[in-house]
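One-letter residues, chain by chain:
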Amino acid sequence: MFKSKETQELTIDYDNIPKHIAIIMDGNGRWAKQRHMPRIAGHKKGMNTVKTITKAASKLGVKVLTLYAFSTENWRRPDTEVNYLMGLPGKFFNDFIPDLIANNVKVQVMGYINQLPEQTQQAVNKAIDATANCNGMILNFALNYGAQDEIVTSVRNIAELVKDDKLAIEDISKKTIENNLMTAKLGDLANPDLLIRTSGEKRLSNFLLWQIAYSEFVFRNENWPDFDAEILTDCILEYQNRHRRFGGLK
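Quick caveat: nothing in here was measured; it's all calculated off a predicted structure.

**Section: the environment of A184**
Turning to step 1, where the next piece is worked out: Considering the arrangement of structural elements, one finds A184 in the loop between α7 (174-179) and β5 (194-197).
Turning to step 2, where the next piece is worked out: You can call A184 partly exposed: its relative accessible area is 32%.
Turning to step 3, where the next piece is worked out: Beyond its immediate stretch of four places on either side in the chain, A184 contacts E178 and N179.

Right, dumping it as C-alpha cells:
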C-alpha cells in the first residue's frame, strides 16, 4: 500500500537520499500483454516513464540514476523488437534533451556501445555531447551491457597491464578492478546505494554484479510503465528504514 503524497513529504529524510539509484526496468512486455497490445507499445510507454522518473530523481537530489536499458542478452529477442529498441534512443533523446538540459541532467552511457547500430550510436553520442556541460544528476544508461562481460573485460585489461610490466600481480586490488569497470568514471558514486527492480521478478539479470555488493534491494510488483514518482519515493522510504552495516555492526 502506498503512503499518501502528504505522508511521504512529512516522513522522507532529504538528508538520506540514496546518492546512486540503479533500476532494472522490467515489465514493459507484460504491461502491453495485459492490455492486449504489442510489446513495442509497452516499450513506448516505458520510455515516458524514464522521463518521469529522471525528473523525479533529480528533484529528490539523487546524484546518479543508472537505468538498465538493454542487456547483452536482449539480442536474443525477436528482430522486430530489437530493431524497435535500437531506434528508441533517437526518439527518446530528440524529445527529451531540452528537458534534460533544463533540469541540469548529464547523460552518460555504459556498455559495448561500439556494437550498436550506427544510428543508435549517433543518438547516444548526441545526447552525451548536448548535456556535457550539465553538472546536476547523472542519467547513466546501461546499454548493451552485461556485468559478466564487464568483469571479463576488466580482467583482460588488468592482464594486459601485467603483461606490459605496468602492474605487478601483488599490486592487484579491489580498487584495481573497480578502476577497470565501466562505472569507474562515476568515481565515488560508482556503487549503487539502492537497486530497484520492477514487475515482481527477484533476480539481478547480470546487472552490476560487482557494484551492488552492498546495495539495498527493493523489488516492486508494478510493471515499469506503471512506475511513477510516488512509487520511487516509496522505494526511497523503504531504503531509509534499512540499517546499512556493510558487514560491520552499528
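**Side note on the pattern of salt bridges**
Turning to step 1, where the next piece is worked out: Here the structure, examined in full by the defined rule, presents 14 salt bridges.
Turning to step 2, where the next piece is worked out: For R35, the salt bridge goes to D226, with nearest N and O atoms at 3.9 Å. Residue R35 is found in the loop between α2 (28-34) and α3 (39-60), and its partner D226 is found in the loop between β6 (216-219) and α8 (229-240); the two are separated by 191 residues along the sequence.
Turning to step 3, where the next piece is worked out: Residue D226 is classed as partly exposed on the basis of its relative accessible area, which comes to 34%.
Turning to step 4, where the next piece is worked out: The shortest N-O distance in the salt bridge between K55 and D99 comes to 3.3 Å. Note that K55 is positioned in helix α3 and D99 in helix α4 (residues 79-102), a separation of 44 residues in sequence.
Turning to step 5, where the next piece is worked out: Here K55 falls in the partly exposed class, since its relative accessible area comes to 36%.
Turning to step 6, where the next piece is worked out: Through salt bridges with shared partners, a single ionic network connects D26, R30, R197, E201 and R203.

**A closer look at unusual backbone geometry**
Turning to step 1, where the next piece is worked out: Here N144, not a glycine, exhibits a phi torsion of approximately 55 degrees, which is positive.
Turning to step 2, where the next piece is worked out: One can find N144 in strand β4 (residues 138-145).
Turning to step 3, where the next piece is worked out: We classify N144 as buried; its relative accessible area is 1%.
Turning to step 4, where the next piece is worked out: Of note in the backbone geometry, N206 takes a positive phi value of approximately 65 degrees without being a glycine.
Turning to step 5, where the next piece is worked out: With respect to the helices and strands, N206 occurs in the loop between β5 and β6.
Turning to step 6, where the next piece is worked out: By relative accessible area, N206 is classed as buried at 13%.

What counts and what doesn't
- Residues numbered from 1 in each chain as written.
- Predicted model: local features only at pLDDT ≥ 70, side-chain atom pairs only at ≥ 80, totals over all residues.
- Heavy atoms only, no water.
- Helix = DSSP H or I, 4+ residues; strand = E, 2+ residues; numbered from the N terminus.
- Buried < 20%, exposed > 50% of the residue type's maximum accessible area, 1.4 Å probe, protein only.
- Contact = heavy atoms within 4.5 Å.
- Salt bridge = Lys/Arg side-chain N within 4 Å of Asp/Glu carboxyl O.

Without other data, these values stay purely geometric and don't point to any function.
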